[in-house]
Amino acid sequence: MGKKGKKEKKVKGAEKTAAKMEKKVSKRAKKEEEDLEALIAEFQTLDAKKTQIIETACPPPSPRLNASLSAHPERDELILFGGEYFNGQKTFLYNELCIYHIRKSSWSKVDIPNPPPRRCAHQAAVVSQGGGQLWIFGGEFASPDGEQFYHYKDLWVLHLATKAWEQIKVTGGPSGRSGHRMVTCKRQLIVFGGFHESARDYVYYNDVYSFNLDTFTWTKLSPSGTGPTPRSGCQMATTPEGNIIIYGGYSKQRIKKDVDKGTLHTDMFLLKAEGLDKWVWSRLSPSGVKPTPRSGFSVAIAPNNRSLLFGGVHDEEEEESIEGDFFSDIYFYDMGKNRWFPGQLKGPKSEKKKRRRGKTAEGEGDGEPEAESQPRQGPVEIVKEVVAEDGTVMTIKQVVSAPEVEPERSESEDEEEAGDQASGQQVEPCPRSNAMLAVKHGVLYVYGGMFEVRDRQFTLNDLYSIDLHKMEEWKVLVEMDPKTQEWLEESESDEEGDDVEGAEGGEEEEESSDEESEDEEEEEQHPSVQLDEKYTDYLPRTEQYWMKLARRNMGAEAKEKKVVKLAHAMAKTFYDGSV
């Protein structure tokens, strides 16, 4: 009884502290948000000039992160909305609506009158009623210098059949926030968590709200039990029974003046509906191989009663810098079995292998594509080097589960492992965080996101897909266009200023053309790959060239081991791009 009393007292104390912080942040943020409201109003004036619906074919959208990508409930289309882009000096926000036509493998841009204001880190959810609806809640707008933030608390719906935006103006909803999560659950939208940040302070949330899609009313839920601590960027999924699962996320707290400590959450909770208005929190202890700690991961609902997690970053704080380890792996969570397991690529299978495996697969259940039931050893760390167009190198550490124990392998398992090894040479998305995911017909689509190399941020606009039923290989639908990459150092003059047009996207890419042409000229001087030449032959033949280039990039004081790593990574990147 005494322990329970102390625990309840501690929880109430934390709630009081959070309430005080929220009041403090709200007061300081009010002035900032008033300043930004004028800029948002200026953007809306531009949007008001759109008086008719115009859909035009367009190239792939410009690089961005923290947008939303949603599968159309009735058509073979993906809907991209919003997002942000940072070029080193200026932040660009978007409210473009772009459609990816899956069967045609093409993009179109849809201009619709009176859209939501520009934003990122919002949430989107699709429902099938009325020909399909896309619901948008919250998110943030940032000043061009990225120092001030406006957090939205508005709710919008895009009627997909008529292509019309509508703002739902009702009271009683969540406070302004970004980084929250929202899912559909029966006839409700459920919103959890997120954060609100001003220039000097911030507050994280763990409250839960529901929006009734029939009555158009907000309700703040008051679940019993002990739920997650305040956080943003978690995984949130709805079970077939109408319950909610929460995993992971990120939060930070102030240790002392101007010193914050971040926390990568790895705990997991179930929010269970017990009756019409009663909800209960309980903690989950899943089995299997769990994801390594990370933030900035992306989530989606997969076939066979599973949710999935892709990518993310684990930041390691050093003396005066933060080095991020980015990921490109997939983890599945089986909601029925309460079990995590990593997604394993099998590689394309020949008909012979399929027939051979077919003999042993009979009577073994539904033939799951991932080897989730196999016993595994401890995780194994794999280190990769990714080289940017300008020679900048990023080290990626990826933790994967170990292979099965040798004595337990059968002939068919050996063949399957050979397929796994072959898949290591196949194309796959580069490690990234804050990407956009959508699943349509059992196929996962991954768009954009970002990674960092030293102090430089690379924002992506590539598009990949993988069949989640087969888990054989990634397909490149849109390649990254190097010409879209721009990075302005802080010392460079900001010639663009704070003009409104830049936030539309696209214009900011022109200044990099000169640098790009220089990069192309330099690339032409690299040792060419001979006809039918394998990488194992190409590397020994050209290694001295790449060693000299790596040494020139890293400087005379760099350690030989790191120079060799860079040289081999650059050679591999050039080779892969040539064959």
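Here's what I pulled together on the structure shown here. A quick note: this is a predicted structure, and the numbers were derived from the prediction, not measured. (Residues numbered from 1 in each chain as written. Predicted model: local features only at pLDDT ≥ 70, side-chain atom pairs only at ≥ 80, totals over all residues. Heavy atoms only, no water.)

What follows deals with the pairing of strand β2 (residues 68–71). The alternating pattern of β2 places S68 and S70 and L69 and A71 on opposite faces, both of which are buried. The hairpin turn running from β2 into strand β3 (residues 77–81), its antiparallel successor, is five residues long. (Buried < 20%, exposed > 50% of the residue type's maximum accessible area, 1.4 Å probe, protein only. Helix = DSSP H or I, 4+ residues; strand = E, 2+ residues; numbered from the N terminus. Pairing = 2+ DSSP bridges.)

Moving on to the nonpolar core. In terms of nonpolar packing, the biggest core is built from 17 residues, with L308, F310, F332, L444, L468 and W474 touching the most fellow members. Within the residue set of this core, elements represented by two or more residues are β23 (298–302), β24 (306–317), β25 (322–334), β30 (443–453) and β31 (456–467). Counting 16 residues, the second largest nonpolar core, distinct from the first, contains L78, M436, Y447 and V478. (Core = buried A, V, L, I, M, F, W, Y, C linked by side-chain atoms within 4.5 Å.)

A few words now on the environment of L134. Looking at the element boundaries, L134 is found in strand β9 (residues 133–137). Taking the C-alpha atoms as reference points, L134 and H72, separated by 62 residues in sequence, lie 8.4 Å from one another. In contact with L134, not counting residues within four places along its chain, are S70, I79, A124, A125, V126, W156, V157, L158 and L160. (Contact = heavy atoms within 4.5 Å.)

Glancing now at the sheet that holds strand β15 (residues 188–197). Overall, antiparallel pairing links the four strands, which are arranged β14-β15-β16-β17 in an open sheet. The outermost strands of the open sheet, each flanked by one partner alone, are β14 (181–185) and β17 (217–221). Across the sheet, the mean angle from the axis of one strand to that of its neighbour is 25 degrees, orientation sign disregarded. Where β14 and β15 come together, five bridges link them in antiparallel fashion. For T184, the partnering residue across the bridge sits in β15 and is L189. (Axes fitted to C-alpha atoms, helices over the stretch in contact; angles between N-to-C directions.)

Our next topic: the packing of aromatic side chains. Overall, the coordinates contain 30 aromatic pairs when judged by the stated rule. A centroid spacing of 5.3 Å and a plane angle of 50 degrees characterise the contact between Y333 and W340, whose relative ring orientation is tilted. Across this residue pair, the class does not change: Y333 and W340 are buried. The ring of Y152 is capped by R119, whose NZ or CZ atom sits 3.9 Å from the centre of that ring. Over the aromatic face of Y205 sits the side chain of R177, whose NZ or CZ is 4.1 Å from the ring centroid. (Phe/Tyr/Trp six-rings, centres within 6.5 Å; stacked < 30°, edge-to-face > 60°. Lys NZ or Arg CZ within 6 Å of the ring centre and 35° of its normal.)

For the rest of this paragraph, the subject is the sheet that holds strand β6 (residues 97–101). The antiparallel open sheet is built from five strands, whose spatial order is β1-β7-β6-β3-β2. Each edge of the open sheet carries a strand with a single partner, namely β1 (54–58) and β2. When the angles between neighbouring strand axes are averaged without regard to direction, this sheet yields 25 degrees. Looking at chain direction, β2 and β3 are connected through four bridges and run antiparallel. The partner of A71 across the bridge, within β3, is L78.

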